[in-house]
Amino acid sequence: MQPNYTLVTTEAEWLAHMVAPVSGLPSLALHVRGTTQLCDWASTYWKAHGGDVQLCESPRKALHRICPALTPEQGKELMAELTALSTLPVELTVTTVLGVLYPSFPAWEGPNEEGGAASWFGFAAKWLLWRSNHSFNWSASHRALVEKAIGSWTTGSQAALLPVDETGAQQVLAAWLGIQPLATMDLPVQQALAVAPEFPLAVPTAWLNVANQEFGKQLLALAAGLASDLAPSVLAWWQAQQDHPQPAAIQQASVNVLLKFLPQHPQALSERILELLVRQASRTALDRLRPLVPAPVPPPMPTTPAEVLQWTTKHYLPYRRWQALAKETTAAVHVDNAARAFGNWFLDHYHELLGTSYPYQQLHWAQHANEPDPQTVTLWVIADGLGWLDAHRLQTYLLQECQEELVLNAATPCFGLVPSITHFTKNSVRWGLSPALALSEALPEPKHPDVGANRDFSAITEFAQPGDLLVWRPIDPDHAYHVSGDEAFVRNGADHALRGLASNIANAVRAISPDVPLRLLLTTDHGRMLGASERTLPVPAGCSASGRAAYAAPGAPRPAPDSDDIRWLAPDLYSLPGWVGVALSDAAFKVPLKKEGSARGGTELFPHGGVWPEEVVVPWFEFGRAEAEAPLITATLSGAAPAGRSGIATLELLNPSVRTLTLRELHVRLGNKQTQILPLAGSCPGLQTLSVSVQLPDWPDSAQLQTAQAKVLLQTTDLQEHTCSVGLNLRNTGLQDRTDDILADLF
């Protein structure tokens, strides 16, 4: 009944109110409830005397109208329940009734239709979080109302994301968050989540705990069932995590669980797992795992410059890093032999490598950097002591900060200068000059002064104009590597320095208008040893020493003859201002003390100055605007074979970008079966097409083809991995799938 109305249920009550003057009738507020005869009589009389009449509907009839699935008994039961709550809505709708019954869900009105798909998926996420967190023993009447509401919110496969029951909501939510494999869900849920975005709401702590527990159970189940062949299964598990667009918090939970699991099950480790973890795990965590995965011994060193650079980055450095972390004695011998061979080859060919016309020499790229494009803003960062491996770590952090802004267009290893210490190399790299010229001649006056090591780079780039060359020469990570402490502490500090560098570079990039063409260059003055050196090399009289290099004053005579551990470099042949001695072994020079003839030995962590590969093979990275170089591959998988058997399919790829993309893996998921992960080899050059034959070990049947999905995993020059969907054009040639008349083949 409406508020402020007087209830009339009998003819006598009606007549009592009619005693009032006729002229006062319209001012009365009466609610007539009774027989049809009473209501008709009162209505006719009221209208005749100028009053307004509104037909009222009984609550039970209204409930049946808004939800026809309710039986009369359920309507009566529901009405009694609403009356008992003393909050009967003014207007009875499914939304208002459910709002009274379950006020803890704030969105019974449904999704905002004007918000499109994003609004709908946001609403579905709210529903799943609420429903999975409440245990209701719903009566039939309540369930009927909820099902009616869900039916008004959506149609088709999307309804699978709005389960009525708590258990169903928990399962769907776990699949959407990436806690449970999507293949374990019913087909409607798979179809709905296949087009769903990443879960759009913050993940509650309770669900992070669920993720930790579930990921641990999944990995332990693999370890229990596949103890002898665990690595491929764990790799497949981790790649499945990457395939699903998990929220960052869930992704981090899977990383944390895996990092706890791997040290306890070292048989699950592989180089591929470590490679995939680089973007998510800290350097400290990876350094704990790397010693457990022996790297292959490098093959014999080739002899051409380009091949030597490839050998260094692909073979020597992975082995050297493992040896430095594992401290394996036999491996140290292999490293020493390989590094000495490299050092001697490098010095023997140095006069050929120094010329700026050679693209494998750092000065070549430095000269080009000093000739900026007049239509482009060029940012040039010359970090201090940034080795090849650290450079990749830095670009990983930088691209994480600038996900939508930058892309790495080139990652070029090149030969640096000797001796590999800042005093000789920093200005040489800056101006593209040999150390002799850079230290003896007046250097050019740049259009813009170089940004000091401790200056805010972004404060300068904010005013950049096309044609500008802005150079920043920070002192990290070298400064962090010279801090006292054990190896793990120093490495961790260097990693923090790399993160800081990435953040500062990202701020500088963001300070430039996105409409201005941008070229970001990243290189260094020298690399550094990956391990420790003992200070055992004597410093000749009259020489200064720094780390693994000793040098005489310009014009001074040769300080000492060559030995197995030291090569002395002639000024004219090596374009140096004076004689310089560089270490061939893993030792460093002693530190001269003020007292004449005395020197300090001991251990020096991560020194530089010598000619080991990690000291003189340095990075030259080039970044550009992301939108200009996005890897948008078009891929199709075609073929025909009998179901359940091995068959050959053709993977065709079209690369419309200018970047070369390396093929890594093809992932094929067939219904509820485990994803098939097929390794790929080769690369797809920019602006070209490529066809690759792929053997599918288990050809899908017709039912599986309806829901089959495939992705190809690609790697760009920055070692970043990208996945793109693969269109499927697969046919089943089994008899059960033929649509033609098979009897025709018999006649």
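Residues numbered from 1 in each chain as written. Predicted model: local features only at pLDDT ≥ 70, side-chain atom pairs only at ≥ 80, totals over all residues. Heavy atoms only, no water.

**Q** What should I look at first to understand the environment of A383 in this one?
**A** By the element assignment, A383 lies in strand β3 (residues 377-383). Taking the C-alpha atoms as reference, A383 lies 4.7 Å from T524; in sequence the two are 141 residues apart. Apart from residues lying up to four places away in sequence, A383 is in contact with P474, D476, P477, L501, T523, T524 and D525. (Helix = DSSP H or I, 4+ residues; strand = E, 2+ residues; numbered from the N terminus. Contact = heavy atoms within 4.5 Å.)

**Q** When you look at the confidence of the model for the chain in this model, what are you seeing that I'm missing?
**A** Keep in mind that low pLDDT regions are not for reading the predicted coordinates in detail. On average, the chain scores 87 in pLDDT, and the residues at 70 or more come to 92%. Per-residue pLDDT stays below 50 along residues 737-747; that stretch engages in 3 contacts with residues further than four places along the chain or on separate chains. (pLDDT = per-residue confidence, 0-100.)

**Q** Please clarify how empty space enclosed by the protein should be interpreted in this entry.
**A** Empty space among the atoms becomes visible once a probe the size of a water molecule is rolled across them. On inspection of all chains with the given rule, the structure shows 1 cavity of 30 Å³ or more. As a volume, the largest cavity reaches approximately 50 Å³. Looking at the largest cavity, the residues that line it are E271, L274, R290, V293, P318, R321 and W322. Counting residues per element, the ones that place at least two in the lining of the largest cavity are α13 (271-277) and α15 (305-326). It is α15 that provides the largest number of residues to the lining of the largest cavity, a total of 3 residues. Looking at the lining of the largest cavity residue by residue, the class counts come to 4 nonpolar, no polar and 3 charged. (1 Å grid on protein atoms, 1.4 Å probe; cavity = no way out; pocket = protein on both sides within 12 Å on 5 of 7 lines; lining within 4 Å. Points joined across faces, edges and corners; volume = space filled by probe spheres on them. Nonpolar A, V, L, I, M, F, W, Y, C, P; charged D, E, K, R; others polar.)

**Q** Whenever I open this one, the packing of helix α6 (residues 116-132) against helix α7 (residues 140-153) confuses me. Can you help?
**A** When two helices pack together, their arrangement is given by the angle between the helix axes and the distance between those axes. Closest axis-to-axis distance for the α6/α7 pair is 12 Å, and the angle between their directions is 160°. By the angle class used here, α6 and α7 are roughly antiparallel. When you trace α6 past α7, the crossing you get is left-handed. Residues W120, F123 and W127 of α6 touch α7, and the partners they reach there are V146, I150 and W153. Within the contact of α6 with α7, the residues separate by chemical class into 6 nonpolar, no polar and no charged. (Axes fitted to C-alpha atoms, helices over the stretch in contact; angles between N-to-C directions. Parallel < 35°, antiparallel > 145°, perpendicular 65-115°, else oblique. Left-handed = near helix turned anticlockwise from the far one by under 90°.)

**Q** For this particular structure, what's the right way to read the sheet that holds strand β15 (residues 603-605)?
**A** Sheet strands pair via backbone hydrogen bonds, and the direction of the pair is either parallel or antiparallel. Spatially, 3 strands are ordered β12-β7-β15 in an open sheet, and the strand pairing comes out mixed. Among the strands making up the open sheet, the edge pair consists of β12 (588-589) and β15. Looking at chain direction, strand β7 (residues 532-537) and β15 are connected through 3 bridges and run antiparallel. Across the sheet, S533 pairs through a bridge with E604, a residue of β15. (Pairing = 2+ DSSP bridges.)

**Q** Help me understand α7 in this model?
**A** Residues lying three or four places apart along an α-helix face the same way, a consequence of the helix completing one turn every 3.6 residues. Between its first and last C-alpha atoms α7 spans 20 Å; for 14 residues at 1.5 Å apiece the expected length is 20 Å, and the two agree. Among the residues of α7, those classed as buried are S141, H142, A144, L145, V146, A149, I150 and W153. Elements in contact with the buried residues of α7: α4 (72-85), α5 (94-101) and α6. (Expected span 1.5 Å × (residues − 1). Buried < 20%, exposed > 50% of the residue type's maximum accessible area, 1.4 Å probe, protein only.)

**Q** Explanation requested: the nonpolar core in the structure shown.
**A** Across soluble globular proteins, nonpolar side chains have a tendency to be buried as a group. If you look at the biggest cluster of nonpolar residues, it comprises 85 residues, and the most contacted ones within it are F346 and W380. With 83 residues, the next largest nonpolar core counts A62, W130, M185 and V255 among its residues. (Core = buried A, V, L, I, M, F, W, Y, C linked by side-chain atoms within 4.5 Å.)

**Q** What is the right way to look at the packing of aromatic side chains in this model?
**A** To describe a pair of aromatic rings, one takes the distance between the centres and the angle between the planes. Counted under the stated rule, the structure contains 36 aromatic pairs. Ring centres of F123 and W153 lie 4.8 Å apart, and the angle between their planes is 75°; on these two criteria the pair is classed as edge-to-face. One end of the pair, F123, is in helix α6; the other, W153, is in helix α7, with 30 residues separating them in the sequence. Judged by relative accessible area, F123 falls into the buried class, the value being 4%. An angle of 45° between the planes, with centres 5.6 Å apart, marks the rings of Y319 and W322 as tilted. In this pair, Y319 and W322 are both assigned in helix α15, 3 residues apart and thus about one turn of the helix distant. Aromatic ring contacts, followed pair by pair, group Y102, F105, W108, F123, W127, W130, F136, W138 and W153 into a single cluster. Its guanidinium or amino end placed over the ring of W138, R131 lies 4.4 Å from that ring's centre, counting from NZ or CZ. When the ring centre of W431 is taken as origin, the NZ or CZ atom of R430, which lies over that ring, is 3.8 Å away. (Phe/Tyr/Trp six-rings, centres within 6.5 Å; stacked < 30°, edge-to-face > 60°. Lys NZ or Arg CZ within 6 Å of the ring centre and 35° of its normal.)

**Q** Would you explain the environment of N112 in this entry?
**A** On the secondary structure map, N112 appears in the loop between α5 and α6. A C-alpha to C-alpha distance of 59 Å links N112 and S484, two positions 372 residues apart in sequence.

**Q** Is there a simple way to think about the pattern of salt bridges in this case?
**A** Oppositely charged side chains can pair when the atoms bearing their charge come close. According to the stated counting rule, one finds 25 salt bridges in the structure shown. Here R340 makes a salt bridge to D565, at a shortest N to O gap of 3.0 Å. Pair noted here: R340 is in helix α16 (residues 329-348) and D565 is in the loop between β9 (549-551) and β10 (566-569), with a separation of 225 residues, a long-range link. On the basis of relative accessible area, R340 is assigned to the partly exposed category, the value being 22%. Residue R491 is joined to E487 by a salt bridge in which the shortest nitrogen-to-oxygen separation is 3.1 Å. Of this pair, R491 and E487 are both found in helix α24 (residues 487-510), 4 residues apart, which corresponds to roughly one turn of the helix. (Salt bridge = Lys/Arg side-chain N within 4 Å of Asp/Glu carboxyl O.)

**Q** What is the right way to read the sheet that holds strand β8 (residues 544-546) from this model?
**A** Sheet architecture is open: 4 strands sit in the order β8-β9-β11-β10, paired in antiparallel fashion. A single partner strand is all that each edge strand has here, and the edge strands are β8 and β10. Taken over all neighbouring pairs, the strand axes of this sheet differ in orientation by 20° on average, direction set aside. When β10 meets strand β11 (residues 580-583), the two strands line up antiparallel, connected through 4 bridges. Note that in β11 the partner of R567 across the bridge is V582.

**Q** Sorry if this is basic, but what is going on with the side chain of R320 here?
**A** Mapped onto the elements of the fold, R320 is located in helix α15. According to the relative accessible area criterion, R320 is buried, its value standing at 5%. Of the polar contacts made by the side chain of R320, one reaches the side chain of Q323; its length is 2.7 Å. Once residues lying within four places of it in the same chain are set aside, the contact partners of R320 are V335, M529, L530, G531, W612 and E614. (Polar contact = N/O pair within 3.5 Å; in protein donor to acceptor, adjacent residues only side chain to side chain.)

**Q** Is there a simple way to explain the packing of α6 against helix α8 (residues 166-177) in this structure?
**A** Between α6 and α8, whose axes approach to 8 Å, the crossing angle comes to 130°. Classed by the angle they form, the pair α6 and α8 counts as oblique. Classified by chirality, the crossing of α8 by α6 is left-handed. Contacts between α6 and α8 pair F121, A124, A125, L128, L129, R131 and S132 from the former with E166, A169, Q170, V172, L173 and W176 from the latter. Grouping the constituent residues of the contact of α6 with α8 by class yields 9 nonpolar, 2 polar and 2 charged.

**Q** Could you clarify how one ought to interpret unusual backbone geometry in this entry?
**A** Working note: non-glycine residues mostly have negative phi, and peptide bonds are mostly trans. Across the junction of V418 and P419, the peptide omega takes the value -5°, indicating a cis bond. With respect to the helices, strands and loops of the structure, P419 is situated in the loop between β4 (406-415) and α20 (422-431). With omega at 5°, the peptide bond leading from D476 into P477 counts as cis. Within the secondary structure, P477 sits in the loop between β5 (469-472) and α23 (478-481). Positive phi is not limited to glycine here, since K327 has a value of about 55°. Among the secondary structure elements, K327 is positioned in the loop between α15 and α16. Even without being a glycine, S575 presents a positive backbone phi close to 55°. Mapped onto the elements, S575 comes out in the loop between α25 (571-574) and β11. A relative accessible area of 21% means that S575 is categorised as partly exposed.

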